[in-house]
Amino acid sequence: MPRKASGVEKISIARDTQDNGDIYVYERKTIYDPIKKYNRILSKTLIGKIPKGSTEMVDTRPKKRPVIITADQGAEIIKASKRPVGMLDIIAHVAEKSDVARQVLKAVPDDIGLRQKMLTLAWYGFASDGDTWPGVTSWSTRYSGLLPYRDTPISQDMYHDIFAYLGVHEQIKQTIFMIRAESMGKGELLALDSTTVWTESKQLNSGRSAPHKDKLVKNVYKIVMIYSITSRQPVAYAILPGNIPDSSTVPNALEQLKALQLDDVEIVSDNGYCTEDNLLAMIMGGFKFITRIENDIQWISPLIDQYREELAFCGEIMHCDPKFSGITTMQMHTFQYARQRGSEKSGLAKGETEEITRRLYVHIYFSSTKKADEDVKFRKQYDAVYTDLMSGAMLDKDDRAFAEKYMKVRYWGDRVAEIQPNRTAIQKRSRYHGFLVLVSRKEKDTNRALEKYRAREYVEEDIKNGKYHAGTNHPRVWTDDTLDGQLLVQFLAQSMHESFASMLRTQKESLAIANGDMDHDNRHNMEQEKALKNWLRKTSMYGILQWFDAIQRTEVEGKHWKTEMSKRDQLFLEKLGVKPRG
């Protein structure tokens with residue numbers, strides 16, 4: 001007869017081999033179940049493990065137990081925070097040095113909340129490398145407590161209301177323009193240029209169908225910029241419908257310059273702004289100017305023919321671009337205009353034509369390299385239009401005009417039977433290839449006139465950077481007011497962008513250059529500066545900001561420390577003039 005179950009718990013040791021070869025050792029409590037007739041496990045506790053290849057048991061990591069805090073026991077909460085501060089230190093420094101912070105303070109002196117929000121949005125526009133505005137919510141959340149506006153993150157409704165408010169209150173924008181104009185020096189070089197932006201909204205009133213990136217796009221706006229060539233900073237802008245030609249924007253731009261009290265400046269513009277009426281308007285307004293003029297203008301082409309041989313063989317070599325030779329001639333040019341009111345002195349009634357003669361300096365430049373490039377460009381365009389015509393392809397407006405002017409096309413029914421070049425028109429055009437003509441009011445020096453005009457090319461580059469790095473290329477707005485307000489904030493961001501670019505250019509030009517100071521010119525210091533210079537050459541502005549965004553400030557119970565920086569990074573901040581927060 002079998003023995004009866006004792007009903008007593010038994011303790012035994014069990015081993016469980018894992019996949020990695022370790023053996024887990026458990027203490028197991030069991031009791032015999034007489035009904036089911038096998039030992040039932042009451043508990044199983046891990047007491048250690050025998051590592052693979054060993055015979056001795058070692059302790060395992062103890063399992064963390066939840067801490068239970070009762071109501072009467074209380075709990076001590078540790079005060080701790082970790083914030084990314086490296087990038088924001090640079091942004092705050094740029095905002096101060098670009099004078100954006102002071103300009104916003106003067107434009108919005110009484111509303112501290114609006115002022116802080118404007119600066120926060122400008123900081124985002126500068127630091128985000130063209131990201132869309134919905135991203136400002138997560139961005140301001142990440143840097144909460146470190147931005148000019150610290151109350152809450154910037155929501156979509158919040159920045160929409162700010163843009164709308166700024167668009168309605170024109171005095172804020174014009175005050176900022178006026179403050180920026182006050183910093184312009186006597187004889188400042190100002191470029192007049194424009195760019196186009198477009199939006200998909202159907203609720204805008206001022207947008208027009210116009211070419212944008214070689215395509216016809218709806219809701220296009222033209223932004224006419226007044227830009228300082230001397231400081232490479234935007235001064236002011238105006239928003240116009242996108243179908244307004246560049247030449248029609250000059251009169252209002254001159255009025256804006258007068259309103260900004262920028263009378264003693266020199267305007268530099270491209271040939272798109274040069275018409276007889278605009279030249280006269282600048283002269284009558286008392287402005288100095290340098291503008292490019294088309295070679296085939298009636299009173300310009302005879303001057304090119306007059307100095308053609310002299311320029312080809314013995315013209316003055318231009319120091320700023322040795323490929324060009326140049327010559328300057330003074331011309332007394334007669335302008336005609338309709339009188340706005342009658343004059344007893346001249347005897348002319350309102351609306352009658354009056355003539356005035358003024359002195360102009362015409363700077364004519366020639367480059368054989370430029371001529372060869374323009375010859376090749378023309379031949380390529382001729383071949384492309386010829387091929388399209390013979391294949392029966394549809395021509396766009398510009399190609400049709402080209403074919404009508406430079407080709408003699410004979411048709412057989414609807415098909416093109418023969419194409420002959422219009423040699424007279426082609427010879428007339430190619431005769432002036434390689435020439436560049438500038439007209440100035442005051443500048444007499446041939447070299448200096450070309451230098452000033454060429455300096456304008458930097459403005460085109462800066463405006464392009466502003467569109468793509470400050471997010472102005474494709475504004476996502478629904479009304480004209482919000483568009484105007486958004487462009488103002490992006491204008492401030494662009495100012496910060498150009499200030500930072502100027503700081504980096506200055507730093508790169510000064511690095512690893514001996515100055516006679518033994519402390520500076522020693523080998524160790526020069527190697528550090530060369531390393532920094534090479535890094536700056538390879539890294540974009542956005543890349544620099546992101547690099548320093550890794551610098552974090554950790555604070556625990558009043559004690560704080562920051563992420564360590566390399567000597568190169570410390571040297572960069574020192575040269576930049578940034579004072580990192582403690």
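Residues numbered from 1 in each chain as written. Predicted model: local features only at pLDDT ≥ 70, side-chain atom pairs only at ≥ 80, totals over all residues. Heavy atoms only, no water.

1. Things to note about the pattern of salt bridges
Overall, the coordinates contain 27 salt bridges when judged by the stated rule. Of the charged contacts, one joins D321 and K323 as a salt bridge, the two residues approaching to 3.1 Å between their closest N and O atoms. By relative accessible area, D321 is classed as buried at 7%. Owing to a relative accessible area of 47%, K323 belongs among the partly exposed residues under this scheme. Taking the shortest distance from any N to any O, the salt bridge between D321 and R454 comes out at 2.8 Å. Taken as a pair, D321 in the loop between β11 (316-317) and β12 (325-338) and R454 in helix α13 (residues 446-469) lie far apart in primary sequence, 133 residues in all. One salt-bridge network, in which partners are shared between bridges, spans D193, D270, R456 and E460. (Salt bridge = Lys/Arg side-chain N within 4 Å of Asp/Glu carboxyl O. Buried < 20%, exposed > 50% of the residue type's maximum accessible area, 1.4 Å probe, protein only. Helix = DSSP H or I, 4+ residues; strand = E, 2+ residues; numbered from the N terminus.)

2. Considerations on the packing of helix α6 (residues 170-182) against helix α14 (residues 480-510)
At their nearest, the axes of α6 and α14 sit 10 Å apart, and the two run at 25° to each other. With respect to each other, α6 and α14 are oriented roughly parallel. The handedness of the crossing between α6 and α14 comes out as left-handed. Together, E170, I172, K173, I176, F177 and R180 of α6 and D484, L488, F491, L492 and S495 of α14 make up the contact between the two elements. Here the contact of α6 with α14 is built from residues that sort into six nonpolar, one polar and four charged. (Axes fitted to C-alpha atoms, helices over the stretch in contact; angles between N-to-C directions. Parallel < 35°, antiparallel > 145°, perpendicular 65-115°, else oblique. Left-handed = near helix turned anticlockwise from the far one by under 90°. Contact = heavy atoms within 4.5 Å. Nonpolar A, V, L, I, M, F, W, Y, C, P; charged D, E, K, R; others polar.)

3. Quick notes on the nonpolar core
Judged by nonpolar contacts, the single largest core of 128 residues is most densely connected at I90, M118, I364, F500 and F572. The dominant element in this core, judged by the number of residues it contributes, is α14, at twelve residues. Leave out the neighbours within four places in its chain, and I90 touches F500, L545, F548, F572, L573, L576 and V578. (Core = buried A, V, L, I, M, F, W, Y, C linked by side-chain atoms within 4.5 Å.)

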